[in-house]
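Here is what each chain is made of, one letter per residue.
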Amino acid sequence: MLKTFAALGVSALALAAGSASAQDWQGFYAGGFAGYQHQVQDEDETILFDTNLDGRFGDTVNTTAPANAFSPGFCDGRPQGNNAGAGCRDDDDGSGEFGARAGYDFQTGPVVVGIVADFSKVNPQDSVSAFSTTPANYAFKREVQHLFGARFRLGLAYGRYLPYVTGGYASAQIEDKYSTSNTANSFTPTTQSQDADGYQLGGGIETRVTSNFSVGLEYLYTDIDADPLTVRTGPGTAPPTSNPFLLVNAAGTDQRRSSDKVELHAFRITGAWRF
């Protein structure tokens, strides 16, 4: 998808290069945007376990039989019951987005080079769940709350239009939450808030409505690396000689979701006042 979008952006810039009637885009601008933000979900994601607490995840949690305690499997989304047969409900992986932006453009002939920074409020969610033979459910939910971007952009003015490509730094405020129907073991911590870094790529087009006001359409792909929430499954009231989480190490078992990647697709309508 990114390669296709980049190709379209290059084609638009090549078309604009022939314009001899480019408007003046140089200067400072500020404004806002609104649109839709979608968080990509990995349907193959699972929950990983570290039964001996050596920091390496990928262990199998076994019962005394022995048998895989999580043989019912995993699903994408939030659990609808304590067993795999109940399945999972879809996440609110898309949300509205609104924010503010400011930047500065430099222009030489039809070539426009600039910098832009923006901040937005979003709320897309992504969950993964596991089911044990107990039966019980275990779920991790990840929610993006705020998004900041600082990017370069390159455009070629074509009359009153400015098609451009953009890319740069991104930071997101992410909240992870954990829940379970298991009441025998203890689970800590169950929430985590963090600021995670990554990058953004995209493009768009602006058009002058008046000499000092422009509107536009923009697409952005955001890739963020987030530290997964690690939950220690401790003894609680569970017997250490038969509880699957305590058989290898009496202190418990660590668990976390398998993916540390947050991917977002944004489609925005922009507006800017130019000074």
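Residue positions within a chain follow its written sequence, with the count starting from 1. At least 70 in pLDDT is required for a residue's local features to be given in this predicted model, at least 80 for side-chain atom pairs to be given and counted, and no such filter applies to totals for whole chains, interfaces and linings, which use all residues. The basis for the side-chain values is all heavy atoms of the structure; hydrogens and waters are excluded.

Chemist: Looking at this structure, how should I read the environment of Tyr169?
Modeler: Going along the chain from the N terminus, every DSSP run of H or I of four or more residues is numbered as a helix, and every run of E of two or more is numbered as a strand. Among the secondary structure elements, Tyr169 is positioned in strand 10 (residues 161-180). Throughout this description, buried means an accessible area under 20% of the type-specific maximum (1.4 Å probe, protein chains only), exposed means over 50%, and partly exposed covers the range between. Tyr169 gets classed as partly exposed once you look at its relative accessible area, which sits at 36%. Sequence separation of Tyr169 and Phe152 is 17 residues, and the distance between their C-alpha atoms is 9.1 Å. Contacts were defined at the residue level, with two residues in contact if any of their heavy atoms lie within 4.5 Å. When residues no more than four places from it in sequence are discounted, the contact partners of Tyr169 are Phe148, Gly149, Ala150, Asp197, Gly198, Tyr199 and Gln200.

Chemist: How should I be thinking about the state of the cysteines in this particular structure?
Modeler: The term disulfide refers to a covalent linkage connecting the sulfur atoms of a pair of cysteines. Cysteine sulfur atoms are paired as a disulfide whenever they come within 2.5 Å of each other. Counted under the stated rule, the structure contains one disulfide. The side chain of Cys75 participates in a disulfide bridge whose partner is Cys88; the two sulfur atoms lie 1.7 Å from each other. Here Cys75, found in strand 3 (residues 73-76), pairs with Cys88, found in strand 5 (residues 88-89); they are 13 residues apart in sequence, far enough to count as distant. No difference in accessibility class separates Cys75 from Cys88, as the two residues are buried.

Chemist: Teacher, can you tell me more about the side chain of Asn137 here?
Modeler: Mapped onto the elements of the fold, Asn137 is located in strand 9 (residues 136-156). The residues touching Asn137, leaving out its near neighbours within four places in the chain, are Pro79, Gly81, Asn82, Ala130, Phe131, Ser179, Thr180, Ser181 and Asn182.

Chemist: How should I be thinking about a nonpolar patch on the surface in this particular structure?
Modeler: Taken together, Tyr158, Tyr161, Ile205, Leu217 and Ile269 make up a surface patch of nonpolar side chains, about 480 Å² in accessible area. In this fold, Ile205 is placed in strand 12 (residues 191-208). Think of a patch as exposed residues, more than 30% relative accessible area, with no salt bridge, where like charges cluster within 9 Å and nonpolar side chains (Val, Leu, Ile, Met, Phe, Trp, Tyr) cluster within 5 Å. Only the protein chains shown count as cover for residues, with accessible areas throughout obtained via the Shrake-Rupley method and a probe of 1.4 Å. One side-chain nitrogen of Lys or Arg within 4 Å of one carboxyl oxygen of Asp or Glu is enough to make a salt bridge.

Chemist: What is the right way to read the pairing of strand 6 (residues 94-108) from this model?
Modeler: Both faces of the sheet carry side chains from a regular strand, because those side chains alternate between them. By the convention used here, strands pair only if DSSP detects at least 2 bridges between them. As paired strands, strand 1 (residues 27-39) and strand 6 are joined by 12 bridges and run antiparallel to one another. Residue pairing in the sheet places His38 in a bridge with Gly94 of strand 6. Direction of pairing for strand 6 relative to strand 7 (residues 111-121): antiparallel, over a ladder of 11 bridges. Paired with Arg101 across the strands is Asp118, a residue of strand 7. In this structure, the hairpin formed by strand 6 and strand 7 is closed by a connection of two residues, where Gly109 is found at a positive phi of approximately 60°.

Chemist: Which parts of the structure should I look at to understand the sheet that holds strand 2 (residues 47-50)?
Modeler: Two orientations exist for strands paired in a sheet by backbone hydrogen bonds: parallel and antiparallel. The four strands are arranged 2-15-14-11 in an open sheet whose pairing can be described as antiparallel. Sheet topology places strand 2 and strand 11 (186-188) at the edges, where each strand pairs with a single neighbour. The average undirected angle you get between the axes of adjacent strands in this sheet is 25°. Direction of pairing for strand 11 relative to strand 14 (residues 231-234): antiparallel, over a ladder of three bridges. Bridge pairing in strand 14 links Ser186 to Gly234. In this analysis, axes come from line fits to C-alpha atoms, helices being fitted only over the stretch in contact, and the angle between any two N-to-C directions falls in the range 0 to 180 degrees.

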